[in-house]
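Overview (structure and organization)
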Amino acid sequence: EYLTLSGKLKNTDYNIIDLPGIYSLSPYSLEEKITQEFLLNEKPDLIINIIDGTNFERNMYLSVQLTELNIPMIILADNYRINFIKSMPLQQQDKV
């Protein structure tokens, strides 16, 4: 299942499709199969690939696969987890 948001911006209609998150185009779950089939069959105009900023290597594998689809793509790094960790108060550690 996925969510669709439709709208109009400067006299141009658009649809934003929020697909289930995946780590590769090889489906192992129902959610991954939904995303894979949509990308391969619907041929979207643009992919916005939101990756976990704390795990680039794992996410770049999918990004490389997506570039092979020849669909324009924007990659956004989600640094929420990084920012959360940086904002945690530091505790002083005793030297050993």
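None of these values were measured; they are calculated from a predicted model. Residues take numbers from 1 onward in each chain, read along the sequence in its written order. Per-residue local features of the predicted model are confined to residues with pLDDT of at least 70, and side-chain atom pairs are confined, for both listing and counting, to 80 or more; whole-chain, interface and lining totals are unaffected and use all residues. The side-chain values count all of the structure's non-hydrogen atoms but skip hydrogen atoms and water molecules.

**Here's the deal with a nonpolar patch on the surface**
Using the following cut-off: Nonpolar side chains (Val, Leu, Ile, Met, Phe, Trp, Tyr) are joined into patches within 5 Å and like charges within 9 Å, using only residues with over 30% relative accessible area and no salt bridge. Values of accessible area rely on a 1.4 Å probe in the Shrake-Rupley scheme; residue burial ignores everything except the protein chains shown. Any carboxyl oxygen of Asp or Glu that lies within 4 Å of a side-chain nitrogen of Lys or Arg is treated as forming a salt bridge with it. A run of DSSP states H or I qualifies as a helix once it reaches four residues; a run of E qualifies as a strand once it reaches two. Both are numbered from the N-terminal end.
A cluster of nonpolar side chains, contributed by Leu-46, Ile-48, Ile-50, Ile-74 and Leu-76, occupies part of the molecular surface with about 450 Å² of accessible area. Elements with a minimum of two residues in the nonpolar patch: strand E3 (47-52) and strand E4 (73-78).

**Some points on the pairing of strand E2 (residues 12-18)**
Within a regular strand, side chains alternate between the sheet's two faces. The criterion, for reference: For two strands to be treated as a pair, DSSP must find no fewer than two bridges joining them.
Here strand E1 (residues 3-9) pairs with E2 via 7 bridges, running antiparallel. What sits directly across from Leu-5, in E2, is Ile-16. Where E1 folds back on E2, the antiparallel hairpin that results is connected by 2 residues, among which Lys-10 adopts a positive phi of roughly 50 degrees.

**Observations regarding the nonpolar core**
The cut-off we apply is this: Working definition of a nonpolar core: buried Ala, Val, Leu, Ile, Met, Phe, Trp, Tyr and Cys residues. They are joined through side-chain atoms within 4.5 Å. Burial here depends on accessible area, computed with a 1.4 Å probe over protein chains only, as a share of the maximum for the residue type. Under 20% is buried, over 50% is exposed, and the range in between is partly exposed. Here a residue-residue contact requires only that any non-hydrogen atoms of the pair lie within 4.5 Å.
Grouped together as the largest cluster of nonpolar side chains are 10 residues: Leu-19, Ile-22, Leu-25, Phe-38, Leu-39, Ile-47, Leu-62, Leu-66, Leu-69 and Ile-71. Secondary structure elements with two or more residues in this core: helix H1 (30-42) and helix H2 (56-67). If sequence neighbours within four positions are ignored, Leu-39 has contacts with Leu-19, Leu-25, Pro-44, Ile-47, Leu-66, Leu-69 and Ile-71.

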